[in-house]
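# Structural features, examined
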Amino acid sequence: MSEEFQHIVCPHCATVNRVPKNRSAKDAKCGNCHKALFEGKPVAVSAQTFATHIERNDIPVGVDFWAPWCGPCRAMAPAYERAAAKLEPMVRFLKVNTEEEPALAAQFQIRSIPTVMLFKHGRVAAQTVGAMNGPSLEAWILHHTAG
Ligand code: ZN
């Protein structure tokens, strides 16, 4: 039987790793930098690595577009972190600071924050605007990652 792999982008160095599907990716290490591929928390990304994360990951990728001055964004941050701790390695959780990365915010036409987007193989599968509490956020992610 041939082994099946899935591609997981390293949160530290953005190297695309091939991880056997039958082994939990939770304990997998990056072949390049040898750090853990999943640490149970959101990964802050810049425009440099953003495309690699959303296009090369075989798992769905959630992105929280936020800014430090945005109260609702800060209010939702702990819920987003808990969702990452719970739902990794099924889903990758990214954060984009729209103040530091205005080009990404423009590319995805972010008009109001927080905006959470869910990507599957580089395409936007779902998006939602406005802060959500933990249970709603997790339910929303699970609903759109299923199938
Ligand atoms: Zn790495």
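### So, the overall build of the protein
Of regular secondary structure, the protein possesses four helices and seven strands. The order of α-helices and β-strands along the protein, N terminus first, is β-β-β-α-β-α-β-α-β-β-α. Whereas a compact globule of 147 residues would reach a radius of gyration of roughly 15 Å, the protein reaches 15 Å, a difference of no more than 12%. Seen through its principal axes, the protein has C-alpha atoms that stretch 50 × 30 × 25 Å. Among the 147 residues that make up the protein, the fraction classed as buried is 47%. Within the structure as shown, the protein displays about 7700 Å² of accessible surface, and the carbon and sulfur contribution to it stands at 50%.

### Observations regarding the coordination of the zinc ion
Those donors, Cys-10 (SG), Cys-13 (SG), Cys-30 (SG) and Cys-33 (SG), are the protein atoms that reach the zinc ion, and they lie 2.3 Å from it. The site at the zinc ion holds four donor atoms, and with the angles between them running 106 to 116°, its shape is tetrahedral. Counting residues between consecutive donors of the zinc ion along the chain gives the motif C-x2-C-x16-C-x2-C. Of the two residues, Cys-10 is situated in the loop between β1 (5–9) and β2 (16–20) and Cys-30 in the loop between β2 and β3 (43–44); the sequence distance between them amounts to 20 residues. Exposure remark for Cys-30: the relative accessible area of 1% places this residue in the buried category.

### As for helix α4 (residues 134–145)
Its twelve residues place the ends of α4 16 Å apart at the C-alpha level, agreeing with the 16 Å of an ideal helix rising 1.5 Å per residue. Close packing links the buried residues of α4 with α2 (71–87), β5 (92–97), β6 (115–120) and β7 (123–129).

### Overview of the sheet that holds β3
Reading across the sheet, the five strands line up as β3-β5-β4-β6-β7 and stay open at both edges, with mixed pairing between neighbours. Two strands lie at the open edges of the sheet, namely β3 and β7, each paired on one side alone. Across six bridges, β6 lies against β7 in antiparallel orientation. Looking at the pairing, Thr-115 lines up with Val-129 of β7. Relative to the sheet, helix α1 (residues 47–56) contacts β4 (61–66), β5 and β6, its axis offset from that of β4 by approximately 145°. Across the sheet, α2 lies against β4, β5 and β6, angled at about 155° from β5, the strand it touches most.

### Let's talk about the pattern of salt bridges
Per the stated rule, a full pass over the model turns up three salt bridges. Across the salt bridge formed by Lys-86 and Glu-138, the nearest N and O atoms sit 2.9 Å from each other. On the criterion of sequence distance, the pair formed by Lys-86 in helix α2 and Glu-138 in helix α4 is long-range, its members being 52 residues apart. On the basis of relative accessible area, Lys-86 is assigned to the exposed category, the value being 59%.

### Focus: the state of the cysteines
A full pass over the atoms with the stated rule returns one disulfide. Note that Cys-70 is cross-linked by a disulfide to Cys-73, the S-S spacing being 2.2 Å. Where Cys-70 bonds to Cys-73 through sulfur, the torsion about that S-S bond is close to 80°, and the disulfide is right-handed. Cys-70 sits in the buried class, given a relative accessible area of 4%.

### Re the pairing of β2
As paired elements, β1 and β2 share five bridges and run antiparallel to each other. If you follow Gln-6 over to β2, its bridge partner there is Val-19. The turn linking β1 back onto β2 is made up of six residues, and Ala-14 within it adopts a positive phi angle of 65°.

Analysis parameters
Residues numbered from 1 in each chain as written. Predicted model: local features only at pLDDT ≥ 70, side-chain atom pairs only at ≥ 80, totals over all residues. Heavy atoms only, no water. Helix = DSSP H or I, 4+ residues; strand = E, 2+ residues; numbered from the N terminus. Rg over C-alpha atoms; globule rule 2.2 N^0.38 Å. Buried < 20%, exposed > 50% of the residue type's maximum accessible area, 1.4 Å probe, protein only. Areas by Shrake-Rupley, 256 points an atom, 1.4 Å probe, with all protein chains shown as cover. Donors = N, O, S within 2.8 Å, 3.2 Å for Na, K, Ca; no water. Tetrahedral: all angles 85-135°; square planar, octahedral: opposite > 155°, others 65-115°. Expected span 1.5 Å × (residues − 1). Contact = heavy atoms within 4.5 Å. Pairing = 2+ DSSP bridges. Axes fitted to C-alpha atoms, helices over the stretch in contact; angles between N-to-C directions. Salt bridge = Lys/Arg side-chain N within 4 Å of Asp/Glu carboxyl O. Disulfide = S-S within 2.5 Å.

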